[in-house]
Amino acid sequence: MAITIPEELQAFVSRSVASGRFRSEDEAVQKGLKLLRDREDKLEALRADLQVGIDQVDSGQKVPFDVAAIEQRGQELLAGR
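Owing to the predicted nature of the structure, the values given are computational and were not obtained by experimental measurement.

*Asks:* Please explain the environment of Glu76 as it appears in this structure.
*Replies:* If you trace the backbone, Glu76 turns up in helix 3 (residues 67-79). Considered as a pair, Glu76 and Ala48 are 28 residues apart in the sequence and their alpha carbons are 27 Å apart.

Structural data, given as structure tokens:
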């Protein structure tokens, strides 16, 4: 497959290869596409999780919003770092 990369991105790819970050332009493009795919996969999973929550609310399955409990859990998570 042949692709055309805009000039400003070509310069970025060339600098990345010249600096040794990537062994070739192909490797740089492949890494970029993998990162894009991973990002899209995460967004898809997040959308699915959100839909579960929306469906639960629509069906009447609601959980009270407890700010104090949320703050407490956040403090516990931060303390565990």
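Now that the structure is up, let's keep going.
*Asks:* Even after reading the chapter, I still don't get helix 3, so can you show me in this structure?
*Replies:* Think of an α-helix as 3.6 residues a turn; residues three or four steps apart then line up on the same face. Its 13 residues give helix 3 an end-to-end C-alpha distance of 18 Å, which sits within 8% of 18 Å, the value for a rise of 1.5 Å per residue. A distance of 3.2 Å separates the backbone nitrogen of Ala68 from a side-chain oxygen at the start of helix 3, and that oxygen is part of Asp66.

*Asks:* What's the story with a nonpolar patch on the surface in this structure? I'm lost.
*Replies:* There is a patch of nonpolar side chains on the surface, built from Leu46, Leu50 and Ile54 and spanning about 280 Å² of accessible area. The residue Leu50 is located in helix 2 (residues 25-58) in this model.

*Asks:* How should I be thinking about the pattern of salt bridges in this particular structure?
*Replies:* Should the charged atoms of two oppositely charged side chains come close, the side chains can pair. As enumerated under the stated definition, the model contains five salt bridges in all. Among the ionic pairs, Lys34 bridges to Asp38, the shortest N-O distance being 2.9 Å. With Lys34 and Asp38 both in helix 2, this residue pair falls four residues apart, about one helical turn. The class of Lys34 is partly exposed, set by a relative accessible area of 40%. Since its relative accessible area comes to 25%, Asp38 is described here as partly exposed. Note that Asp38 is salt-bridged to Arg37, the shortest N-O span being 3.9 Å.

Conventions and cut-offs
- Residues numbered from 1 in each chain as written.
- Predicted model: local features only at pLDDT ≥ 70, side-chain atom pairs only at ≥ 80, totals over all residues.
- Heavy atoms only, no water.
- Helix = DSSP H or I, 4+ residues; strand = E, 2+ residues; numbered from the N terminus.
- Expected span 1.5 Å × (residues − 1).
- Polar contact = N/O pair within 3.5 Å; in protein donor to acceptor, adjacent residues only side chain to side chain.
- Patch = residues over 30% accessible without salt bridge, like charges linked within 9 Å, V, L, I, M, F, W, Y side chains within 5 Å.
- Areas by Shrake-Rupley, 256 points an atom, 1.4 Å probe, with all protein chains shown as cover.
- Salt bridge = Lys/Arg side-chain N within 4 Å of Asp/Glu carboxyl O.
- Buried < 20%, exposed > 50% of the residue type's maximum accessible area, 1.4 Å probe, protein only.

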